[in-house]
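For reference, the chains in residue letters:
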There are 2 protein chains.
Amino acid sequence: MVAEILCVGTELLLGDIVNTNAAYLARQLAGLGIDLYTQSVVGDNPERLKESLAIAFSRADLVLMTGGLGPTYDDLTKETVAAYFGRNMRRDEHSYQRLMEYFAKAGKEPTPNNLKQADMPEGAVVFDNDNGTAPGLAVEGNGKIAVLMPGPPYEMTAMFEARIRPYLQKFSEKVLVSRTIRIVGMGESEVEYRLRDYMLSHLNPTIAPYAKQSEVQLRVTASAKTEEQAYALIGPVVAEIQEMLGDVVYGVDVENMEQAVVQQLKEKGLKVATAESCTGGLISKRITEIPGASDVFECGVCSYANRIKHELLGVSDQTLEQFGAVSEQTAKEMAEGIRRLSGADIGVSVTGIAGPGGGTPEKPVGLVYLGVSSERYSKVVRYLSGSKKAGSREHIRYSASQQALKLVLEAIRENQKK
Amino acid sequence: MVAEILCVGTELLLGDIVNTNAAYLARQLAGLGIDLYTQSVVGDNPERLKESLAIAFSRADLVLMTGGLGPTYDDLTKETVAAYFGRNMRRDEHSYQRLMEYFAKAGKEPTPNNLKQADMPEGAVVFDNDNGTAPGLAVEGNGKIAVLMPGPPYEMTAMFEARIRPYLQKFSEKVLVSRTIRIVGMGESEVEYRLRDYMLSHLNPTIAPYAKQSEVQLRVTASAKTEEQAYALIGPVVAEIQEMLGDVVYGVDVENMEQAVVQQLKEKGLKVATAESCTGGLISKRITEIPGASDVFECGVCSYANRIKHELLGVSDQTLEQFGAVSEQTAKEMAEGIRRLSGADIGVSVTGIAGPGGGTPEKPVGLVYLGVSSERYSKVVRYLSGSKKAGSREHIRYSASQQALKLVLEAIRENQKK
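Thresholds applied
- Residues numbered from 1 in each chain as written.
- Chains lettered and ligands numbered in written order.
- Predicted model: local features only at pLDDT ≥ 70, side-chain atom pairs only at ≥ 80, totals over all residues.
- Heavy atoms only, no water.
- Least-squares fit on C-alpha atoms with pLDDT ≥ 70 in both.
- Contact = heavy atoms within 4.5 Å.
- 1 Å grid on protein atoms, 1.4 Å probe; cavity = no way out; pocket = protein on both sides within 12 Å on 5 of 7 lines; lining within 4 Å.
- Points joined across faces, edges and corners; volume = space filled by probe spheres on them.
- Helix = DSSP H or I, 4+ residues; strand = E, 2+ residues; numbered from the N terminus.
- Nonpolar A, V, L, I, M, F, W, Y, C, P; charged D, E, K, R; others polar.
- Pairing = 2+ DSSP bridges.
- Axes fitted to C-alpha atoms, helices over the stretch in contact; angles between N-to-C directions.
- Parallel < 35°, antiparallel > 145°, perpendicular 65-115°, else oblique.
- Left-handed = near helix turned anticlockwise from the far one by under 90°.
- Buried area = accessible area lost by both parts, 1.4 Å probe.
- Salt bridge = Lys/Arg side-chain N within 4 Å of Asp/Glu carboxyl O.
- Polar contact = N/O pair within 3.5 Å; in protein donor to acceptor, adjacent residues only side chain to side chain.
- Buried < 20%, exposed > 50% of the residue type's maximum accessible area, 1.4 Å probe, protein only.
- pLDDT = per-residue confidence, 0-100.

A. Just the relation of the copies chain A and chain B, in detail. Mapping chain A onto chain B calls for a screw motion: a turn of 180° about the axis and a shift of 0.2 Å along it, with 0.2 Å RMSD after fitting. Within this description, the copies of the chain are treated as partners about a two-fold rotation axis. A share of 100% of interface residues in chain A that are also interface residues in chain B marks the association as one of identical surfaces.

Spelled out as structure tokens, the structure:
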């Protein structure tokens, strides 16, 4: 089966919002083993929407649409799809009841516009919306299927997870399952070089590397009749790759580095504290993004000024004078200092030059020193991240935070070794 | 003139990356006063690319394309466009020289694939790439124009700014210029309600509100023969709107809240320090994202644990016992404490419940207390942000940081009043 994505919304056409819906739906289709060759965006214009829908169905059997299900006069996706399939619009009692309940709860009076959201093309399959007033729907006819979803990403994704994926599952002959191995500390080209033969010798599961922001991801994807069979194919391959790459693998199927850190700290009953200069709170921000971080994180100090490095973290004046704020010694004393101050098991520190200003020949923009201090493992790392690219201040700060979180994972490993 | 955007890349089709290029180019076209009705994405497949290009030109005079200019065998955008215009490919000497210089500098040997990047359709206008090896190009014929740009966003945007916009300017009859008024502390519906008559009474410039993450933006857009004329039309309208809305306007044409804060602190020669609980460093991270933040920011403390609130920030044990960590009193003492500890002119604090856990009937998830302390202005604000949405932990933390930065702007204003 061939699918196409058609997103409706003038905000997308004007570039006021980025089309994250298309990327999300594309990943979901890949997961369902449904082919996708084209994505399109059109504005809230009935004529052009009609034309785009016809073109989409000339190339595809399934068209996933987002947007244009709202209550206002220019929300016409449903009507346009009804016309394409030659269906009349009629009120869907179930959706009507839900709308009335929604407005009753909110203590508001629905306008006729609002109630329009309960009208559906005859014979449509209706999908409830748990996060908004616009239901989703599917219309099937002459071997073609249109699936309509609301535009706001959190409404659309929640509806897809709960109702659209199960609906689509029956149209997909095979199941595609992926697991993702996440790597920090080895570049994409080196990963590719080390695994080339192994990747070439595997067709199912396939192994594909992706360069992401300050990390590399290896996606291992298997195709099979059932999920169980697919996972059975993936398992040993993931294990072999971890064996081959070693410590640069920080997790499998984890959301991100911060989640891996919080999870492993919890498992080991350890706590971490952060002392940040050039990252300015980015590391503590990332750690505390994870629900329940309070079990493993109590304190972070963002010491931008030398005085604070000295007074709060106890970095010696001599160190600051002799070696400067951006130095191995300062990073070391910052990590020790925050560990002492917080009473945490692991102290991690970052000091560096994020730029664009402040660089010198000896200490260029992008130079970062990272320190970690713990009972059984202490270390300072010098790291120089590229500063060529546009947006490099953000890039330098983010890669520094990646390296710092990686040091925390190393400390966790070493502190559990008996 | 009608334009269309056609992005080429299998990574986009698979949803491995979000299509920020389309959003960027859509905004640029709007700025140039060139109409855009459709955006599309296709994979690196010559047949489907050829078909999509034909469809695009059946609807538009100008097609902006990104991606597929790389050195590998599946990068075929140039060749496909050449075929559409009936042109042969031939080496562009200027691009060839630049490539050779690039590889000489890098001390690498170019492969035949690399040199393929210097081949252009006959008669193409070539745009140098300052951030990569793939030049951009434009092909004109029979009233149609194709503009090809590299896929990596920082290469594409830099090329657009420097070379593509000037090239396109000559095709646009009018100039569109926008200024953006940024608002925190008033919802979109209230802004719309207050300005409805004013907005309806203005056709040039037009005034359009947009709800963004924890803020509202008003875009004022004028169309004229020259930029000067357009800005002359916009000026008085922006001033009147600021007059009408008052303090909720935190800036005009500023990048974001953090930039406005750093800029105004610099202008007034003031410094700020942060004490964060539930935001976990997000506020200091946002402030220090701005280059030169070190002039106005020296210190931030992320006090997740009560012990740290007490020991570092001097929040009294009695306050913590009697009112709890999430309370007006704690926020007040945190702001005073960080101001004392840092010696900054303005201390700002946040304590709250970001969830998903930890909520109670009295103190639900989403409840946040914010404090600001300064010589002439101190204040504590109770703020309850919606926690229904998916991803609400992030939402709660981000809106709390918006409110905190807004308090800093208030304090800056009050401390300059003589």
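B. A look at empty space enclosed by the protein. In this structure the tally under the stated criterion is six cavities of 30 Å³ or more. Together, 18 residues line the largest cavity, and Asn19(A), Ala22(A), Gln39(A), Asn19(B) and Val41(B) are the ones closest to its centre. Elements with a contribution of two residues or more to the lining of the largest cavity: helix H2 (20–32) and strand S2 (35–42) of chain A together with helix H2 (20–32) and strand S2 (35–42) of chain B. Its residues assigned to classes, the lining of the largest cavity shows 12 nonpolar, six polar and no charged.

C. Up close: the sheet that holds strand S11 (residues 215–224) of chain A. Residues and elements named next belong to chain A. Across the sheet, which stays open at both edges, the four strands sit in the order S10-S11-S9-S12 with antiparallel pairing between neighbours. Every interior strand has two partners, whereas the edge strands, strand S10 (206–212) and strand S12 (249–252), have only one. Here the average twist between neighbouring strands, direction ignored, is 25°.

D. The packing of helix H3 (residues 46–59) of chain B against helix H4 (residues 77–85) of chain B, seen in detail. All names here are of chain B. As a packed pair, H3 and H4 sit with axes 10 Å apart at the nearest point and diverge in direction by 50°. Overall, the two elements H3 and H4 adopt an arrangement that is oblique. Viewed along their axes, H3 and H4 form a crossing whose handedness is right-handed. Here Pro46, Leu49, Lys50, Leu53, Ala54 and Phe57 of H3 lie close against H4, whose contacting residues are Thr77, Thr80, Val81, Tyr84 and Phe85.

E. Molecular detail of the interface of chain A and chain B. Taken together, the 61 residues of chain A in the interface contact 61 residues of chain B. Buried surface at the junction of chain A and chain B, both sides included, amounts to about 5000 Å², of which 55% is carbon and sulfur. When residues of chain A are sorted by the area they lose upon contact with chain B, Leu13(A), Tyr37(A) and Tyr304(A) head the list and together hold 11% of the total. Where chain A touches chain B, the interface holds four salt bridges. Here Arg219(A) and Asp16(B) are joined by a salt bridge, their closest N and O atoms 2.8 Å apart. Joining chain A to chain B, the criterion identifies 31 residue pairs in polar contact (both at pLDDT 80 or more). Its residues placed into classes, the side of chain A that touches chain B shows 29 nonpolar, 17 polar and 15 charged. Where S2(A) meets S2(B), five bridges bridge the pair, whose relative direction is antiparallel. In the sheet register, Val41(A) faces S2(B), and the bridge partner there is Gln39(B).

F. Quick peek at the pattern of salt bridges. Residue and element names in this part refer to chain A. For the structure on display, the rule yields 44 salt bridges over all chains. A salt bridge links Arg59 to Glu4; its shortest N-O distance comes to 2.5 Å. Taken together, the residues span a long stretch of sequence, with Arg59 in helix H3 (residues 46–59) and Glu4 in strand S1 (residues 2–8) at a distance of 55 residues. Among the residues examined, Glu4 registers a relative accessible area of 2% and is labelled buried. Of the charged contacts in the structure, one is a salt bridge between Lys268 and Glu267, with a shortest N-O distance of 3.6 Å. The class for Lys268 is partly exposed, based on a relative accessible area of 29%.

G. Region of interest: the side chain of Ser401(B). Relative to the assigned elements, Ser401(B) resides in helix H15 (residues 392–416). Ignoring sequence-local partners within four residues, the contact set of Ser401(B) consists of Thr279(B), Leu282(B), Ile283(B) and Arg286(B).

H. Up close: the confidence of the model for chain A. Per-residue confidence for chain A gives a mean pLDDT of 92; residues scoring 70 or more make up 98%. Here the predicted complex carries an ipTM of 0.76, next to a pTM of 0.77.

I. Here's a closer look at the pairing of strand S17 (residues 379–384) of chain A. Residues and elements named next belong to chain A. Summarising the sheet, strand S16 (residues 367–373) and S17 pair through six bridges and their orientation is antiparallel. Following the sheet pairing, Gly371 is matched in S17 by Val380. Taking the residues between adjacent antiparallel strands as the criterion, S16 and S17 are bridged by five residues.

J. Structural context of the pairing of strand S11 (residues 215–224) of chain B. Residue and element names in this part refer to chain B. Counting buried positions along S11 yields eight of 10 residues, so the element is predominantly enclosed. Relative to S11, strand S9 (residues 175–183) runs antiparallel, the two sharing nine bridges. Counterpart to Ser178 in the pairing with S11 is Thr221. In the sheet, strand S10 (residues 206–212) pairs with S11 via seven bridges, with the strands oriented antiparallel. Within the sheet, the bridge partner assigned to Tyr210 lies in S11 and is Gln217. In textbook terms, the turn of a hairpin is the stretch between consecutive antiparallel strands, and for S10 and S11 this stretch comprises two residues, one of which, Ser214, has a positive phi near 55°.

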